[in-house]
Number of protein chains: 4
Amino acid sequence: MNTFGNILRLTTAGESHGPAMTGILDGMPSGVMVDLDSIDRFLTLRAPGHLPGVTSARRDCEHAEILSGMVGGVTTGTPIAFTVANSGARPDDYEHLRHAFRPSHADYTYQAKYGIRDHRGGGRASARETALRVVGGSFAMAALHQAGIEVYAYTSQIGNIRYTGPMDKVVHCPDPYVYSMRCPDAETNDRMEALVRRVAQAGDTIGGIVTGLVTGLPAGIGEPMYDKLQAMLASAMMSINAAKGFDYGMGFDGATRLGSEMNDEFVIGPHGEITTRTNYSGGIQGGISNGRAIYFRVAFKPIATLMRPTPTVTDSGERVILPARGRHDACCVPRAVAVVHCMTALTILDAYLMAKAGHI
Amino acid sequence: MNTFGNILRLTTAGESHGPAMTGILDGMPSGVMVDLDSIDRFLTLRAPGHLPGVTSARRDCEHAEILSGMVGGVTTGTPIAFTVANSGARPDDYEHLRHAFRPSHADYTYQAKYGIRDHRGGGRASARETALRVVGGSFAMAALHQAGIEVYAYTSQIGNIRYTGPMDKVVHCPDPYVYSMRCPDAETNDRMEALVRRVAQAGDTIGGIVTGLVTGLPAGIGEPMYDKLQAMLASAMMSINAAKGFDYGMGFDGATRLGSEMNDEFVIGPHGEITTRTNYSGGIQGGISNGRAIYFRVAFKPIATLMRPTPTVTDSGERVILPARGRHDACCVPRAVAVVHCMTALTILDAYLMAKAGHI
Amino acid sequence: MNTFGNILRLTTAGESHGPAMTGILDGMPSGVMVDLDSIDRFLTLRAPGHLPGVTSARRDCEHAEILSGMVGGVTTGTPIAFTVANSGARPDDYEHLRHAFRPSHADYTYQAKYGIRDHRGGGRASARETALRVVGGSFAMAALHQAGIEVYAYTSQIGNIRYTGPMDKVVHCPDPYVYSMRCPDAETNDRMEALVRRVAQAGDTIGGIVTGLVTGLPAGIGEPMYDKLQAMLASAMMSINAAKGFDYGMGFDGATRLGSEMNDEFVIGPHGEITTRTNYSGGIQGGISNGRAIYFRVAFKPIATLMRPTPTVTDSGERVILPARGRHDACCVPRAVAVVHCMTALTILDAYLMAKAGHI
Amino acid sequence: MNTFGNILRLTTAGESHGPAMTGILDGMPSGVMVDLDSIDRFLTLRAPGHLPGVTSARRDCEHAEILSGMVGGVTTGTPIAFTVANSGARPDDYEHLRHAFRPSHADYTYQAKYGIRDHRGGGRASARETALRVVGGSFAMAALHQAGIEVYAYTSQIGNIRYTGPMDKVVHCPDPYVYSMRCPDAETNDRMEALVRRVAQAGDTIGGIVTGLVTGLPAGIGEPMYDKLQAMLASAMMSINAAKGFDYGMGFDGATRLGSEMNDEFVIGPHGEITTRTNYSGGIQGGISNGRAIYFRVAFKPIATLMRPTPTVTDSGERVILPARGRHDACCVPRAVAVVHCMTALTILDAYLMAKAGHI
């Protein structure tokens with residue numbers, strides 16, 4: 001299924017080298033003002049070719065064309081269709097991949113599933129699809145903002161270089177997109193950039209971690225059983241290309257801890273409200289938000305395409321060597337930040353709307 | 001929503017201290033032979049009170065009563081309803097929790113969401129619900145087995161004690177349920193057990209990690225976009241009580257690696273088939289199985305209920321101290337193994353049936 | 001799929017001759033007071049054996065056992081599981097049907113679909129399943145009532161005897177269940193009863209029509225495209241055993257009319273509100289309620305089981321004559337009234353809750 | 001929700017006077033050859049302005065632009081995005097409708113639901129949306145044809161003029177689109193056309209009935225409970241603009257019949273197969289196909305827009321007279337034939353694929 005969400009549903013279509021990517025966002029509340037220029041700016045931030053460690057040839061000019069669902073800059077409640085054109089597609093770049101399966105790509109599994117595939121640029125499996133998630137997520141952010149809820153995402157690790165700020169609040173730069181690696185701390189960002197440049201010069205690639213953060217979400221949002229808020233977020237994040245892991249709150253670190261180190265004691269807050277002294281839980285208990293910030297991490301593997309000759313096999317079982325070419329980043333993590341950001345917004349707005357349906 | 005799955009759907013209901021837990025498994029293929037006695041044995045393995053580090057009072061005798069969907073020991077394709085009775089419920093044990101919110105439990109968030117809650121034993125949020133997942137998952141395992149697909153799960157870490165066997169094959173004991181901690185290596189299991197006993201004596205609790213493994217799944221299973229096989233597994237695992245993280249293949253470790261260290265080179269296998277030399281990917285590419293074993297990890301936090309007096313607040317904002325009582329494990333990980341096991345079976349059978357629907 | 005609804009979801013299981021029928025109602029709002037005794041009374045009204053034209057042997061005593069989701073007579077928002085026991089099941093009554101396919105029953109199609117079937121009393125295809133819809137619908141009625149919305153259903157036609165009162169308001173008896181045929185006009189009811197008695201004496205059966213009516217539903221409820229309110233109602237009604245047709249507003253009669261005869265002119269109502277002079281539309285425009293009463297008809301075919309010897313074939317292609325026996329009504333329409341009633345309540349509450357999810 | 005279907009899902013977006021209508025068809029099996037020219041021809045058949053009884057100004061040239069999901073004229077299994085441009089939109093034609101609610105249109109209900117609406121040409125509620133259903137349905141027809149399943153639709157009644165051929169087989173013209181009214185009998189078609197011309201001259205409109213027919217569907221397709229094949233068809237048909245009723249098999253006529261007149265006796269067919277002597281049931285029992293032809297009727301009301309001055313009210317409660325203008329058919333039934341045709345194909349392919357998912 002190419003649809004994400006329950007009440008708020010993003011359906012996407014399109015291959016990286018077709019005429020355009022197409023998305024339909026359904027279930028968007030009416031009456032939300034959306035700045036279409038800011039969507040294009042955000043789309044361009046996600047696009048490859050703007051970061052260090054990438055061949056400069058690919059520098060897409062991104063624009064989302066909105067085909068329905070808005071009147072006078074405001075959503076009408078009807079579905080919002082949009083396209084993002086695929087510029088710069090050069091199909092003959094991919095002729096050598098018509099029969100060969102690139103290692104750790106989806107070429108082989110698509111062939112196994114469908115018996116046919118579009119071999120150009122990864123076809124449907126290309127990260128190009130995430131442009132549509134950015135458009136959809138931008139609409140969600142506008143609605144959440146109207147409800148006092150904000151979403152953030154930033155690079156918290158590349159290789160072994162870690163951002164060490166607190167996870168449950170926004171510190172350092174509130175807009176990490178101003179930095180090349182999308183890390184909110186300038187000095188750490190510089191060290192990450194230097195690492196990515198070294199890796200790129202070696203024709204190699206490297207992985208990392210993106211952190212997501214939600215503030216302003218009231219207590220009581222999320223479903224208690226199979227659609228726990230953390231299950232919805234995990235599903236959303238693991239649907240992103242190259243994502244290999246998800247945790248929230250203390251996450252994997254919590255596996256080594258004692259219970260006495262991790263309980264979030266309830267206290268009475270400054271305005272007489274019930275809150276917690278600490279936030280080891282990551283803002284969720286029993287699948288439902290508790291009013292504290294939600295934070296989580298998403299691990300990304302290194303990009304599989306190396307700038308080196310690569311041995312593999314073809315669909316007829318022949319051994320071939322793929323030459324080193326193409327236009328690829330040495331690290332997908334900075335680009336993944338916008339995608340994590342937008343998938344978080346889609347997930348949280350969906351959960352928020354589901355909660356509305358729970359009361360007569 | 002209290003339903004899990006797309007084609008194969010498990011719907012559950014019931015609170016820990018009501019008369020019974022109720023489940024309906026819908027979409028189960030017809031003609032599958034299911035051994036109901038083995039389900040009861042598996043249910044009992046999941047139950048508390050059988051492991052070291054737990055007050056002995058609670059030792060439920062577990063039995064799933066099947067109310068529909070079978071004729072002569074075989075599934076008919078109609079929905080399978082079942083109940084698991086709640087024995088040993090002592091509601092007055094919970095009178096002190098009528099108004100108090102236990103820290104890092106779901107008491108407060110249920111109250112925020114619904115404005116009302118069943119305070120006895122965690123109500124709907126109790127891990128008691130997972131008994132129904134074990135019943136449903138047992139049916140799924142029977143169907144998968146008939147198709148040559150097997151699912152395994154075991155404890156791979158408690159605190160800092162790690163099982164160090166390979167993740168993508170079954171080694172040591174093929175049935176980890178024979179060991180107290182569900183770790184397949186006897187010596188590691190003993191060290192884990194000793195740790196849990198020490199923690200329990202201190203009135204504390206400790207977390208850990210469960211590993212899941214699927215073998216025999218053919219290439220081509222899984223949806224390519226938002227229902228990627230890893231997204232379905234992540235959602236399933238993060239819906240389990242106390243689960244805080246999920247990763248698959250190289251997972252979080254991959255965030256620190258170079259691409260050149262992690263590509264799974266395609267090769268021609270012993271029977272002329274296309275396979276990969278290594279399995280860093282964890283058996284999935286682009287959301288679709290590649291024919292290799294699928295493996296993943298699920299991190300669990302320590303149980304929140306400590307055997308110590310606990311300060312908290314009530315729903316009227318009063319500060320109280322909850323006394324140290326109740327009947328609780330010092331480590332939920334060994335019990336979680338059966339739940340991870342069964343949620344994996346439900347997820348994989350669902351994906352397998354979805355793939356059937358993809359062809360005319 | 002054995003689940004009905006989107007936000008409010010009723011999942012059912014059970015065969016007519018198993019130990020019990022099982023239902024789970026999920027998505028029910030919290031805080032709704034529900035009178036369980038009235039549910040049992042309503043269940044008994046639906047049961048066979050209470051109406052003229054039926055062998056008196058089958059007179060089930062109906063009781064819904066609630067297993068979860070309520071505290072102190074009030075819903076908690078968690079799923080409500082319930083069972084209705086199957087009393088009086090005599091499996092050997094059905095031995096002659098183990099291999100034979102009854103005409104115009106689902107015996108043959110279940111065999112074709114599943115390769116196996118429970119031949120006793122229609123198995124899963126039995127109208128016994130509708131008892132669960134009555135329980136679920138009773139909960140929905142309680143929630144709707146709390147929101148000022150009321151649902152009615154009554155017999156409007158049996159054979160060629162028609163109730164001729166207005167369709168969009170409640171006239172004559174507001175509780176048609178006090179009459180044997182569930183027709184709100186005593187005199188018409190008597191003529192219907194006389195007809196059914198005559199048909200029963202001839203060993204035959206006869207069809208009819210049930211009318212449904214919803215009042216108090218505010219304007220703006222219903223989805224505008226594929227889940228139009230009339231599409232949801234049609235789907236709900238056509239899922240009832242023996243239902244063969246659905247129309248709303250002027251319905252099939254409208255096919256022969258001119259547009260100038262049927263437009264509902266907008267006018268200003270007595271309280272300054274916008275309303276319509278007439279209600280030919282049946283309270284819905286473009287799939288969305290307009291604030292007027294919703295009314296619709298559901299056509300039921302005659303029951304297929306006659307009290308006559310019936311020629312048919314077996315699963316091995318042998319010709320056999322089924323003897324005239326069993327315990328069956330001569331007309332299902334009076335019993336169908338409660339089912340139409342309850343399916344309407346489930347549909348309208350679902351649509352009402354979906355509308356809640358449409359706004360930030 | 002703007003998505004139709006379970007496994008095969010058509011999602012649509014677009015208003016009648018925006019730049020284009022957009023659809024995404026997801027779940028389409030791979031390897032189906034589709035003739036895009038024939039889709040455009042079919043689209044043009046559906047468009048207004050080609051039939052008698054319509055102002056000639058509106059004669060759209062229809063073309064579906066396919067943006068993804070195909071390679072070399074064959075489906076790849078990935079989602080198929082397409083747009084149909086809106087030519088001839090003249091927004092200022094609709095300025096007089098900015099505040100007025102046309103009677104028996106969706107203007108008022110959209111305003112009630114969303115608090116905002118696109119008033120031009122009915123916006124989202126326009127029948128223009130059905131162009132997308134025609135494109136989606138054409139893909140479904142290609143897949144069904146490959147499986148030996150054929151779908152037909154034709155006009156069986158306009159006003160009181162009825163086509164009297166048998167309902168469960170194709171007689172007279174197998175391609176009713178060659179006739180102006182889409183009635184397969186030339187003489188009846190002529191009488192219908194004459195009626196529509198008379199009605200149009202009077203500035204009025206008239207309703208009618210479309211019959212749908214499915215042949216070649218094997219026994220065993222359809223879900224037994226809430227997604228009965230007739231429930232899926234009813235929901236699909238009642239989602240079409242102006243549809244007011246649905247019945248199948250003997251339908252509403254069956255309400256007046258005796259059971260002894262309507263049972264479909266099982267017999268052994270010419271090839272030793274189990275079949276039925278008659279087909280009163282309409283090819284479905286217990287929600288599942290029995291191998292016989294499926295046939296059903298869909299009632300359409302007269303178009304609400306008359307070529308006469310029309311009194312109504314505005315959103316501020318003012319009384320106004322809408323002038324007689326616009327470009328409208330006097331009878332929507334001939335155009336509805338293609339929509340019934342395509343919605344049937346989408347429904348049947350969806351059910352067919354769901355049945356595939358039922359077996360391990």
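Look above for the structure.
Residues numbered from 1 in each chain as written. Chains lettered and ligands numbered in written order. Predicted model: local features only at pLDDT ≥ 70, side-chain atom pairs only at ≥ 80, totals over all residues. Heavy atoms only, no water.

Student: Even after reading the chapter, I still don't get the overall build of chain A, so can you show me in this structure?
Tutor: Helix and strand counts for chain A stand at 6 helices and 18 strands. The C-alpha atoms of chain A give a radius of gyration of 21 Å, which matches the 21 Å a tight globule of 360 residues would have. C-alpha extents for chain A along the principal axes are approximately 70 × 50 × 35 Å. Evaluated residue by residue, chain A yields a buried proportion of 68% over its 360 residues. Of the contacts formed within chain A by residues at least 6 apart in sequence, a portion of 70% connects residues at least 24 apart. (Helix = DSSP H or I, 4+ residues; strand = E, 2+ residues; numbered from the N terminus. Rg over C-alpha atoms; globule rule 2.2 N^0.38 Å. Buried < 20%, exposed > 50% of the residue type's maximum accessible area, 1.4 Å probe, protein only. Contact = heavy atoms within 4.5 Å.)

Student: Is there a simple way to think about the interface of chain C and chain D in this case?
Tutor: Accessible area lost upon the coming together of the parts is a frequently used measure of interface size. Tallying the contact residues gives 99 residues for chain C and 99 residues for chain D. Buried surface at the junction of chain C and chain D, both sides included, amounts to about 7900 Å², of which 61% is carbon and sulfur. Linking chain C to chain D there are 2 salt bridges. The shortest N-O distance in the salt bridge between Glu223 of chain C and Lys113 of chain D comes to 3.5 Å. Applying the counting criterion to the chain C and chain D interface returns 35 residue pairs in polar contact (both at pLDDT 80 or more). Looking at side-chain class alone, the side of chain C that touches chain D contains 45 nonpolar, 35 polar and 19 charged residues. Examined bridge by bridge, strand β11 (residues 243-248) of chain C and strand β11 (residues 243-248) of chain D share 3 bridges and lie antiparallel to one another. Following the sheet pairing, Asp247 of chain C is matched in β11 of chain D by Gly245 of chain D. (Buried area = accessible area lost by both parts, 1.4 Å probe. Salt bridge = Lys/Arg side-chain N within 4 Å of Asp/Glu carboxyl O. Polar contact = N/O pair within 3.5 Å; in protein donor to acceptor, adjacent residues only side chain to side chain. Nonpolar A, V, L, I, M, F, W, Y, C, P; charged D, E, K, R; others polar. Pairing = 2+ DSSP bridges.)

Student: What should I look at first to understand the relation of the copies chain C and chain D in this one?
Tutor: Relating one copy of the chain to the other requires a rotation about an axis plus a shift along that axis. Of the two same-sequence chains, chain C is brought onto chain D (RMSD 0.0 Å, axial shift 0.0 Å) by a rotation of 180°. Given the turn and translation reported, the copies of this chain are related as if by a two-fold rotation axis. Residue by residue, 100% of the interface of chain C is reproduced at the interface of chain D, so both copies engage with the same surface. (Least-squares fit on C-alpha atoms with pLDDT ≥ 70 in both.)

Student: Mind showing me how you'd approach the relation of the copies chain C and chain A here?
Tutor: Mapping chain C onto chain A calls for a screw motion: a turn of 180° about the axis and a shift of 0.0 Å along it, with 0.0 Å RMSD after fitting. Here 100% of the interface residues in chain C have copies in chain A that are interface residues too; the copies meet face to matching face.

Student: It is not clear to me how the sheet that holds strand β8 (residues 150-158) of chain C should be interpreted in this structure. Could you clarify?
Tutor: The strands making up a sheet are joined through hydrogen bonds of the backbone, oriented either antiparallel or parallel. Across the sheet, 10 strands lie side by side as β9(C)-β8(C)-β10(C)-β16(C)-β11(C)-β11(D)-β16(D)-β10(D)-β8(D)-β9(D); this open sheet has antiparallel pairing. Strands with a single pairing partner mark the edges of an open sheet, and in this sheet they are β9 (161-162) of chain C together with β9 (161-162) of chain D. For β11 of chain C and strand β16 (residues 294-300) of chain C, the ladder comprises 5 bridges, and the chain directions are antiparallel. Paired with Ala243 of chain C across the two strands is Phe300 of chain C, which belongs to β16 of chain C. Lying over the sheet, helix α4 (residues 186-201) of chain C contacts β8 and β9 of chain C, oriented at roughly 55° with respect to β8 of chain C. (Axes fitted to C-alpha atoms, helices over the stretch in contact; angles between N-to-C directions.)

Student: Hey, could you run me through the pairing of strand β17 (residues 310-313) of chain D in this one?
Tutor: Regular strands have side chains that alternate between both faces of the sheet. All names here are of chain D. Where β17 and strand β18 (residues 319-322) come together, 4 bridges link them in antiparallel fashion. Considered in β18, the bridge of Thr310 is made with Leu322. Where β17 folds back on β18, the antiparallel hairpin that results is connected by 5 residues, among which Gly317 adopts a positive phi of roughly 85°.

Student: Looking at this structure, how should I read the side chain of Arg124 of chain D?
Tutor: Within the secondary structure, Arg124 of chain D sits in the loop between α2 (107-114) and α3 (130-146). In this structure Arg124 of chain D is buried but unpaired, with Glu129 of chain D as the nearest side chain of opposite charge at 4.2 Å. A distance of 3.0 Å separates a polar atom in the side chain of Arg124 of chain D from a polar atom in the side chain of Asn2 of chain D. Within the structure, the side chain of Arg124 of chain D is placed 3.0 Å from the backbone oxygen of Gly14 of chain D, a separation counted as a polar contact. Contacts of Arg124 of chain D, omitting those with residues within four sequence positions, involve Thr78 and Pro79 of chain A, Met225 of chain C together with Asn2, Thr12, Ala13, Gly14, Glu15, Met21, Tyr110 and Glu129 of chain D. (Lys, Arg positive; Asp, Glu negative; His and termini not counted.)

Student: Is there a simple way to explain the packing of aromatic side chains in this structure?
Tutor: Describing an aromatic ring pair means giving the distance of the ring centres and the angle of the ring planes. Summed over the entire model, instances satisfying the criterion amount to 34 aromatic pairs over all chains. Chaining the aromatic ring pairs together yields one cluster made of Phe101 and Tyr108 of chain A together with Phe266 of chain B. Between the NZ or CZ atom of Lys113 of chain C and the centre of the ring of Tyr114 of chain C, over which it lies, the distance is 5.7 Å. (Phe/Tyr/Trp six-rings, centres within 6.5 Å; stacked < 30°, edge-to-face > 60°. Lys NZ or Arg CZ within 6 Å of the ring centre and 35° of its normal.)

Student: How do you make sense of the packing of helix α5 (residues 229-238) of chain A against helix α5 (residues 229-238) of chain B when you look at a structure like this?
Tutor: For any two helices packed against each other, the geometry is given by the interaxial angle and the distance between the axes. Where α5 of chain A contacts α5 of chain B, the axes come no closer than 8 Å and their chain directions differ by 160°. With respect to α5 of chain B, the element α5 of chain A is oriented roughly antiparallel. As α5 of chain A runs across α5 of chain B, the sense of the crossing is right-handed. Where α5 of chain A approaches α5 of chain B, its residues Gln230, Ala231, Ala234, Ser235 and Met238 of chain A are matched on the opposing element by Gln230, Ala231, Ala234, Ser235 and Met238 of chain B. For the contact of α5 of chain A with α5 of chain B, a count of residues per class yields 6 nonpolar, 4 polar and no charged. (Parallel < 35°, antiparallel > 145°, perpendicular 65-115°, else oblique. Left-handed = near helix turned anticlockwise from the far one by under 90°.)

Student: Help me understand helix α4 (residues 186-201) of chain A in this model?
Tutor: Since the α-helix turns once every 3.6 residues, residues separated by three or four places project in the same direction. All names here are of chain A. Between the first and last C-alpha of α4 there are 23 Å, a value that for 16 residues agrees with the 22 Å anticipated at 1.5 Å per step. Three or more residues of α4 are buried, namely Thr188, Asn189, Met192, Glu193, Leu195, Val196 and Val199. The arc that holds every buried residue of α4, seen down its axis, measures 165°, which confines them to one face. Turned more than 90 degrees away from the buried face of α4, the exposed residues are Arg198 and Gln201. Where α4 is buried, its residues contact β8 (150-158) and β9 (161-162). (Expected span 1.5 Å × (residues − 1). Arc of directions from axis to C-beta.)

Student: What is the right way to look at the packing of helix α1 (residues 36-46) of chain B against helix α3 (residues 130-146) of chain B in this model?
Tutor: Residues and elements named next belong to chain B. Packing of α1 against α3 brings their axes to within 10 Å, and their N-to-C directions diverge by 140°. On the basis of their axis angle, the class for α1 and α3 is oblique. Seen from above, α1 lies across α3 with right-handed handedness. Residues Leu36, Ile39, Phe42, Leu43 and Arg46 of α1 form the contact with α3, whose participating residues are Thr130, Ala131, Val134, Val135, Ser138, Phe139 and Met141. When the residues that make up the contact of α1 with α3 are grouped by side-chain class, the tally is 9 nonpolar, 2 polar and 1 charged.

Student: Explanation requested: the interface of chain C and chain A in the structure shown.
Tutor: Facing the 14 residues of chain C at the interface are 14 residues of chain A. At the boundary of chain C with chain A, total buried surface from both sides reaches about 1200 Å², with 69% on carbon and sulfur atoms. Among the residues of chain C in contact with chain A, Lys356, Ala357 and Ile360 of chain C are the three that bury the most area, contributing 50% of the side total. Run the count over chain C and chain A and you get 0 salt bridges. Our count for the contact surface shared by chain C and chain A stands at 0 residue pairs in polar contact (both at pLDDT 80 or more). Those elements that provide at least two residues to the side of chain C that touches chain A are α3 (130-146) and α6 (333-356) of chain C. Residue contributions to the side of chain C that touches chain A peak at 4 residues, all from α6 of chain C.

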